[in-house]
Amino acid sequence: MGDVQKSESLAKLRKICRYGVWVLIAAIAVIAAFLVVCLAELAICLSDPWFVTIPLDHTATALSILSTTASAVSGLLVCIMTYRIAMTISCEKSPFNHENVISMKHIAAICMVTFAVILVLEVFLWATSPADNAQFDFPFQLAVTGLVTYIFSLLFEYGAALQTESDEFL
């Protein structure tokens, strides 16, 4: 077990996570500021029936802002969960632990829920937009990210079980 803890790849992973924590703090701050702007824009849109983003009408503008706000909320939550994972990896003996598995499953769930929400908003946006302004953006990247993250969470769960078994054996 001592050889695994002193391995070069684990040392690199911890170093990357220590730097990654600072990058994630900056990302959290930027996304939080963007979310505040989105919420302010949404409040203005909901309070002013003449507020539009050209070429969209008021309803389509509101739906577009809701979609952007959902993306910002999702991004913020994912960055917070990733921050927790990076902190755990930089401090713990092994990256394979139950907390990281839970965080990764939360990231997968956040991505899939956001995919569904944005997909519904995009369908409404497409349906309510005038024919010449209609466009449909399928948020496939969220579905793929959610699926890949879920698969990695299962790998981490298996690794955590092996880690626990190894620790109990020693």
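In this text, all values refer to a predicted model and were calculated from it rather than measured experimentally. (Residues numbered from 1 in each chain as written. Predicted model: local features only at pLDDT ≥ 70, side-chain atom pairs only at ≥ 80, totals over all residues. Heavy atoms only, no water.)

1. A word on the overall build of the protein
Check the secondary structure of the protein and you find five helices and zero strands. For the protein, the succession of helices and strands along the chain, N to C, is α-α-α-α-α. Whereas a compact globule of 170 residues would reach a radius of gyration of roughly 15 Å, the protein reaches 21 Å, over 25% beyond that. Taken over the C-alpha atoms alone, the protein extends approximately 70 × 25 × 20 Å along its principal axes. Within the span of the protein, comprising 170 residues, buried residues form 35% of the whole. Surface accessibility of the protein: about 10500 Å² in total, with carbon and sulfur atoms responsible for 72%. Put simply, the protein has 8 plus and 14 minus side-chain charges, and the middle of one group is 19 Å from the middle of the other. (Helix = DSSP H or I, 4+ residues; strand = E, 2+ residues; numbered from the N terminus. Rg over C-alpha atoms; globule rule 2.2 N^0.38 Å. Buried < 20%, exposed > 50% of the residue type's maximum accessible area, 1.4 Å probe, protein only. Areas by Shrake-Rupley, 256 points an atom, 1.4 Å probe, with all protein chains shown as cover. Lys, Arg positive; Asp, Glu negative; His and termini not counted. Charge placed at Lys NZ, Arg CZ, Asp CG, Glu CD.)

2. Description of the packing of helix α3 (residues 58-91) against helix α4 (residues 98-128)
Two elements in contact, α3 and α4, have axes separated by 9 Å at closest approach and are oriented at 170°. Between α3 and α4, the crossing angle belongs to the class labelled roughly antiparallel. When the residues that make up the contact of α3 with α4 are grouped by side-chain class, the tally is 18 nonpolar, twelve polar and two charged. (Axes fitted to C-alpha atoms, helices over the stretch in contact; angles between N-to-C directions. Parallel < 35°, antiparallel > 145°, perpendicular 65-115°, else oblique. Nonpolar A, V, L, I, M, F, W, Y, C, P; charged D, E, K, R; others polar.)

3. Structural notes on the side chain of T69
Within the secondary structure, T69 sits in helix α3. Dropping the residues within four chain positions of it, T69 is found in contact with L35, C38 and L39. (Contact = heavy atoms within 4.5 Å.)

4. Description of the layout of surface pockets
By volume, the largest pocket amounts to about 380 Å³. As for the largest pocket, its lining consists of 22 residues, of which S67, S71, I118, P139 and Q141 are closest to the centre. Elements with a minimum of two residues in the lining of the largest pocket: α3, α4 and α5 (140-169). Broken down by element, the lining of the largest pocket gets its largest block of residues, seven residues, from α3. Residues that form the lining of the largest pocket fall into these classes: eight nonpolar, twelve polar and two charged. (1 Å grid on protein atoms, 1.4 Å probe; cavity = no way out; pocket = protein on both sides within 12 Å on 5 of 7 lines; lining within 4 Å. Points joined across faces, edges and corners; volume = space filled by probe spheres on them.)

5. Focus: the pattern of salt bridges
On inspection of all chains with the given rule, the structure shows two salt bridges. One salt bridge connects E8 with K12, and the closest N-O pair in it is separated by 3.5 Å. Of the two residues, E8 and K12 are both situated in helix α2 (residues 8-47); the distance of four residues between them amounts to about one turn of the helix. (Salt bridge = Lys/Arg side-chain N within 4 Å of Asp/Glu carboxyl O.)

6. What about the nonpolar core?
In terms of nonpolar packing, the biggest core is built from 21 residues, with V78, I85, A86 and I107 touching the most fellow members. Mapped by element, the contributors of at least two residues to this core are α2, α3, α4 and α5. In terms of residue count, the dominant contributor to this core is α3 (eight residues). For I85, the contacting residues outside a window of four places in its chain are N100, S103, M104 and I107. (Core = buried A, V, L, I, M, F, W, Y, C linked by side-chain atoms within 4.5 Å.)

7. Quick notes on a nonpolar patch on the surface
A surface patch of nonpolar side chains, about 760 Å² in accessible area, is lined by F138, F140, V144, L147, V148, I151, F152 and L155. Along the chain, I151 falls in helix α5. (Patch = residues over 30% accessible without salt bridge, like charges linked within 9 Å, V, L, I, M, F, W, Y side chains within 5 Å.)

8. Re α4
Its 31 residues place the ends of α4 45 Å apart at the C-alpha level, agreeing with the 45 Å of an ideal helix rising 1.5 Å per residue. If you check the start of α4, you find a side-chain oxygen 3.2 Å away from the backbone N of E99, and it comes from N97. (Expected span 1.5 Å × (residues − 1). Polar contact = N/O pair within 3.5 Å; in protein donor to acceptor, adjacent residues only side chain to side chain.)

9. Brief notes about the environment of V21
Secondary-structure assignment places V21 in helix α2. The exposure class assigned to V21 is buried, which follows from its relative accessible area of 7%. For V21 and S90, which are 69 residues apart along the polypeptide, the C-alpha to C-alpha distance reads 8.8 Å. Among residues more than four places away in sequence, those in contact with V21 are Y83, A86 and M87.

10. Digging into the confidence of the model for the protein
Summary statistics for the protein give a mean pLDDT of 87 and a share of 92% for residues scoring 70 or more. Within the protein, no element has a lower average pLDDT than helix α1 (residues 2-5), which sits at 52, and none a higher one than α2, at 94. (pLDDT = per-residue confidence, 0-100.)

11. Describing the side chain of S67
You can see S67 is positioned in helix α3. Look at S67 and you get buried, because its relative accessible area is 9%. In this structure, S67 is in contact with I118, L121 and E122, ignoring residues within four places of it in sequence.

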